[in-house]
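# Descriptive structure summary
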Amino acid sequence: MANKITAHLVSLHQRLRPIRQRLLAHPVYESLRDLDDLKVFMSHHIFAVWDFMSLLKGLQRRMTCLDEVWLPQGERTARRLINEIVLGEESDEVGGGATSHFEMYLDAMRQIGCSTAAIDAVLAEVRGGRDVLTALAAAPAAARQFSRTTFAIVKGGSLPAIAAAFTLGREDVIPDMFTVLVADLQRQGRAETSILQDYLARHIELDGDHHGPMAEKLLLEVCGDNEANWQAAGQAAEDSLLARIGLWDGVVQALPKQQQLT
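The following refers to the structure shown. (Residues numbered from 1 in each chain as written. Predicted model: local features only at pLDDT ≥ 70, side-chain atom pairs only at ≥ 80, totals over all residues. Heavy atoms only, no water.)

Attention shifts here to the packing of aromatic side chains. Taken as a whole and assessed by the stated rule, the structure comprises six aromatic pairs. Look at Phe41 and Trp248: their rings are 5.2 Å apart centre to centre, the planes differ by 40 degrees, and that puts the pair in the tilted class. On the criterion of sequence distance, the pair formed by Phe41 in helix α2 (residues 35-63) and Trp248 in helix α11 (residues 227-254) is long-range, its members being 207 residues apart. Since its relative accessible area comes to 0%, Trp248 is described here as buried. Between Trp50 and Phe151, the ring centres sit 5.3 Å apart and the planes meet at 55 degrees, which makes this aromatic pair tilted. Separated by 101 residues along the polypeptide, Trp50 in helix α2 and Phe151 in helix α7 (residues 141-156) bring together distant segments of the chain. Take Trp50 and Phe151: they sit in the same class, and that class is buried. Taken together, the ring pairs connect Tyr29, Phe41 and Trp248 into an aromatic cluster. (Phe/Tyr/Trp six-rings, centres within 6.5 Å; stacked < 30°, edge-to-face > 60°. Helix = DSSP H or I, 4+ residues; strand = E, 2+ residues; numbered from the N terminus. Buried < 20%, exposed > 50% of the residue type's maximum accessible area, 1.4 Å probe, protein only.)

Right, let's talk about helix α9 (residues 174-188) for a bit. The α-helix advances 3.6 residues per turn, and as a result positions three or four apart in sequence lie on the same side. Along its 15 residues, α9 runs 21 Å from first to last C-alpha, staying within 8% of the 21 Å computed at 1.5 Å per residue. Residues of α9 that are buried: Ile174, Pro175, Met177, Phe178, Leu181, Val182, Asp184 and Leu185. One or two steps after α9, the chain reaches Gly189, where phi turns positive at roughly 65 degrees. (Expected span 1.5 Å × (residues − 1).)

Right, here's the structure in full:
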């Protein structure tokens, strides 16, 4: 049975490989040449950092008990895996203190003088009771479309879809995407990007060596040998990767040098 379940994952990886290759070959990684470019990138990317947490908490909500009255819920090993990932993402130990990776990214934006106005506006709308899909109107267009794809998956409530978007749309591909960026930032030697470099390096380490393999185990657990589960997982993973390509397209179009050409 285990071999059959693993075969589903192998088949899904093969299906996603062309999209994944498009994403990793995207011109955005070679387009961030100065701080103005980086500010555009970060003002868009912050929305992916934010909605990632909703994918993660969606998994935790479905696989553990978060109710006022606690009851044992979910498979024991899966509970351990998801809670460990949440600990690292929501309360990581960085620089002698605890922080979420989202808050760390906001600190990185402020360090380079990047405006957080758009993400702050969206969060204020959500805190005020506005539906998240409506609140996202304050986001840059490409970020808005990206996060709406994410929240459609979360709100759809399909556990295989959420697990696949999280695992194959995020954890599996993030180390390869970020390796290029952090190497370029290190070559530039800009002191004002130190927090961003730490953020990227931390994700390469965590997602590549720890969270990525954990998330894959969760996906296998969630989907099992159920063909419908794997179909839902495959569609969500594909939608997530294509949405990321769309986000990167939007970043490139918004770069100052691109704006000068239009």
